[in-house]
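A closer look at the structure
Residues per chain are reported as follows:
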Amino acid sequence: QQQVKQSPQSLIVQKGGISIINCAYENTAFDYFPWYQQFPGKGPALLIAIRPDVSEKKEGRFTISFNKSAKQFSLHIMDSQPGDSATYFCAGELETSGSRLTFGEGTQLTVNP
Amino acid sequence: GAVVSQHPSWVICKSGTSVKIECRSLDFQATTMFWYRQFPKQSLMLMATSNEGSKATYEQGVEKDKFLINHASLTLSTLTVTSAHPEDSSFYICSARDYSKNIQYFGAGTRLSVL
């Protein structure tokens, strides 16, 4: 059963624009919500993460917005750059159960110059 | 530099042979590591949780006799694909959590091609 749903599947943004990726989760036991960036042929790398007791977290051009009541969270990439072109995965993590990650389906982001 | 090292990065083998993939945590001790499988343009699917000094915990539908996991030390976990077949061709990725930094690091992945 897919417990984290991610949209859109693909996204094309112009350089300097805002990229927005959304995720919805079902498992209310998740206690950590990371976002990963993956380039072709490489493993995922942690981009930014948030805990459910926080509604927003910003790190540089990347912001997570978290809505606990709606069980939704989103990643905003401000001033998107061609180097941001990658696949992005949201995830729910059960830290209290050995840190198992459940990934969303992924979003392929293309930032045109 | 990488804090989780995965080797090899690419392996081609004949059908029926076994392939071993290594995952090492370089800067920290990892009592728990994870193995994922990823098909092209798809998400990562957790295969198993590797526990140091004990048996791995496999996800539903993953054949434990086909995907052998050994976690003999605090810095090394291995995944052996036994009697590989073309349908086992995939991208295999390991991860380990550094609890001191609260970050889960991923290896660079191993692309397995079974002919």
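Look above for the structure.
A brief structural summary.

1. Points about the sheet that holds strand E3 (residues 19-25) of chain A
Residue and element names in this part refer to chain A. The antiparallel open sheet is built from five strands, whose spatial order is E1-E3-E8-E7-E6. Edge strands, defined here as strands with exactly one partner in the open sheet, are strand E1 (4-7) and strand E6 (56-59). Neighbour to neighbour, the strand axes of the sheet diverge by 15° on average, direction disregarded. Summarising the sheet, E1 and E3 pair through four bridges and their orientation is antiparallel. If you follow Val4 over to E3, its bridge partner there is Tyr25.

2. Focus: the state of the cysteines
In the structure shown here, the tally under the stated rule is two disulfides over all chains. Between the sulfur atoms of Cys23 of chain A and its disulfide partner Cys90 of chain A the distance amounts to 1.9 Å. Its S-S torsion of about -95° marks the bond between Cys23 of chain A and Cys90 of chain A as left-handed, since a negative value means left-handed. Of this pair, Cys23 of chain A sits in strand E3 while Cys90 of chain A sits in strand E9 (residues 86-94), placing them 67 residues apart in sequence. Cys90 of chain A shares its class with Cys23 of chain A; the two are buried. One disulfide in the model links Cys23 of chain B with Cys94 of chain B; its S-S distance is 2.0 Å. The S-S bond linking Cys23 of chain B to Cys94 of chain B shows a torsion near 80°; that makes this disulfide right-handed. Of this pair, Cys23 of chain B sits in strand E3 (residues 19-25) while Cys94 of chain B sits in strand E9 (residues 90-98), and the two are 71 residues apart along the sequence. With a relative accessible area of 0%, Cys23 of chain B lands in the buried category. Classification of Cys94 of chain B by relative accessible area gives buried; the value is 0%.

What counts, and where the lines are drawn
Residues numbered from 1 in each chain as written. Chains lettered and ligands numbered in written order. Predicted model: local features only at pLDDT ≥ 70, side-chain atom pairs only at ≥ 80, totals over all residues. Heavy atoms only, no water. Pairing = 2+ DSSP bridges. Helix = DSSP H or I, 4+ residues; strand = E, 2+ residues; numbered from the N terminus. Axes fitted to C-alpha atoms, helices over the stretch in contact; angles between N-to-C directions. Disulfide = S-S within 2.5 Å. Buried < 20%, exposed > 50% of the residue type's maximum accessible area, 1.4 Å probe, protein only.

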